[in-house]
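Observations on chain architecture
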Amino acid sequence: YASFVGSETSLSERTPTVITANPSILSGDIGVNNDNSDNSYHVIISVKDDSTTVLDGFTITNGNASHGGEITVESFSIYKNGGGGLKNYLSSPSVVNCTFTANNAGYGAGIFNSYSSLTLINSIFSANTASDKGGGIFNDLSNLILSIKQSNFYANTSAAGGGLYNFEASPNISNCSFSFNTATNGGGVMHQLGFDATFINCTFYGNNATEHGGGIYNEGGEGGSGRTMALLTNSIFWGNTKNSDPTVPGADIENLITAFSGTGINYSILQLTNNTTNYPVATSSGLRSGNGMKFAVDPLFVNANDPDGADNVLSTADDGLALQNNSPATEEGSNVGITATADITGAPRIQNPRIDMGAYENQYIPPAPPFRRLYVKPIATGTGDGSSWANASDNLQAMIDSSYLKDEVWVAAGTYKPNAYPPGCTGCTSSSSYAFMLKNQVKVYGSFAGTETSLSERTPAVIAAHPTILSGDIGTINYNNDNTSNIVLSADDDSTTGFDGFTVTQANDGGLV
């Protein structure tokens, strides 16, 4: 254990704040300062250590495993081309609260994990460089217990797998962030010739690959050999690039379509529109998307270009990849199979009834009633920001989109017509696909006179006298061939979502779907 002030009498006194303020640094810079040619090959070596072995609280830096040949440790050959920070061979240690930074290697600049089990918790990999594979970590032939939790991979570089490279390995990765990593293939992660890699509640942002897979690249074996699958749940892909372009196929996820490689994904956000050009599908290969998916929908990070936030420390509450209160990723994940009780920052994981997508759980807790209200009228008044009847917005969908958990949207009498596609709509090519989209755990009330201050004032008589009409008659008046197919859509919304007091009319296929 490390990073103590030097006066503690119990391990509980070594809080995350103490660890950050009092780093214990293990440095391979043993020769000429800042000249890595004479640095240690490996800062730490673990050989044949069992699961009771723990490395906790260190910053490991300036290892340089970029050499040919080998050394012998406990009668085993340890190659000098992998594991600048940690070389883990035939071992099962737990690595906790550690930072691996500015290490170099041919393979696995931060950690080279070979024929081993590894439990990695609450650790950071930043600015590590591998000339071949695995800027942050290279998992090699390690398909036993391989668990990576609450860890951050930032600005690592490699030819393959900028943040993480798996070769015949089956890691379980949860509550992790991959941002601004770069590689030729697999900017964030490359998964090759190996079983299943599982990702739960992970965030991929700003990773770049010059050839394949800005976020993740899966490459199986030819002819169906070497099953290679990435299985993702509750994850976010946004702003990743392929050859610096965020709009091309393979910018977020790419599978070698001619081999047995693929991606199964549920309850997640992908950055491109959903079609077979962006996400090809072939027999036993390609992307298989399931329930709860959102495509081409901005997750609304707090400040994506500043991942470590104002305190310049990754995995803390002010990180830029945390979610805004009105993010479409909040309350949109699946709780099934979730055992984690904390997110990447250590904050409570399921803050409200449903888990959020991504590595960061939004910590907004709805106030006690009366809940926050947003106001809509046919013609905007005052500032038009929706903060009151006097400042009502005229854009119903914008008020729904900007609402937080448990908010209410009050809509005054009048006629409103949808004028935009639902977020992330696939196959929307004409105005007939325009629709209003409800939001999970937000209540939308209609048929107000426009002066009420409590819901009880909206009596049945008021509703009858002041109808709020949602109309699909968006083209030629009273000619339904150019009307919207649907007027209101609700997708994967739970029973706390409300829609009350509206007249829904002149849809061409169904008023509410």
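Residues numbered from 1 in each chain as written. Predicted model: local features only at pLDDT ≥ 70, side-chain atom pairs only at ≥ 80, totals over all residues. Heavy atoms only, no water.

Another point: the sheet that holds strand 46 (residues 502-505). Read across the open sheet, the three strands follow the order 40-43-46; overall the sheet is parallel. Two strands bound the open sheet, and with one partner strand each, they are strand 40 (414-416) and strand 46. Across this sheet, the average inter-strand angle for adjacent strands is 25°, counted without regard to direction. Where strand 43 (residues 468-471) and strand 46 come together, four bridges link them in parallel fashion. Bridge pairing in strand 46 links L470 to V504. (Pairing = 2+ DSSP bridges. Helix = DSSP H or I, 4+ residues; strand = E, 2+ residues; numbered from the N terminus. Axes fitted to C-alpha atoms, helices over the stretch in contact; angles between N-to-C directions.)

Moving on: the side chain of D343. Mapped onto the fold, D343 is located in the loop between strand 37 (294-295) and strand 38 (373-376). Of the side chains with opposite charge, R349 lies nearest to the buried D343, which makes no salt bridge, at 5.4 Å. Engagement of the side chain of D343 in a polar contact is seen with the side chain of T345, the distance being 2.7 Å. Of the polar contacts made by the side chain of D343, one reaches the backbone nitrogen of E361; its length is 2.9 Å. Once you skip the residues sitting within four places of it in the chain, D343 turns out to touch Q150, N175, R349, A359, Y360, E361 and Q363. (Buried < 20%, exposed > 50% of the residue type's maximum accessible area, 1.4 Å probe, protein only. Lys, Arg positive; Asp, Glu negative; His and termini not counted. Salt bridge = Lys/Arg side-chain N within 4 Å of Asp/Glu carboxyl O. Polar contact = N/O pair within 3.5 Å; in protein donor to acceptor, adjacent residues only side chain to side chain. Contact = heavy atoms within 4.5 Å.)

This part takes up the environment of T330. You can see T330 is positioned in the loop between strand 37 and strand 38. On a C-alpha basis, the gap between T330 and L300 in space is 9.9 Å, while along the polypeptide they are 30 residues apart. Leaving out residues up to four positions away in the same chain, T330 has contacts with L323, Q324, N325, D356 and N362.

Moving on to the packing of aromatic side chains. To describe a pair of aromatic rings, you give the distance between the ring centres and the angle between the ring planes. Evaluated as defined, the whole model comprises 23 aromatic pairs. Where Y279 meets F295, the ring centres are 5.9 Å apart and the plane angle is 55°; that geometry is what we call tilted. One end of the pair, Y279, is in the loop between strand 34 (269-270) and strand 35 (281-282); the other, F295, is in strand 37, and 16 residues separate them in sequence. Judged by relative accessible area, which is 7%, F295 ranks as buried. Geometry around F112 places K87 over its ring, the cationic atom sitting 4.8 Å from the centre. Lying over the aromatic face of F448, R458 brings its terminal NZ or CZ to 5.5 Å of the ring centre. (Phe/Tyr/Trp six-rings, centres within 6.5 Å; stacked < 30°, edge-to-face > 60°. Lys NZ or Arg CZ within 6 Å of the ring centre and 35° of its normal.)

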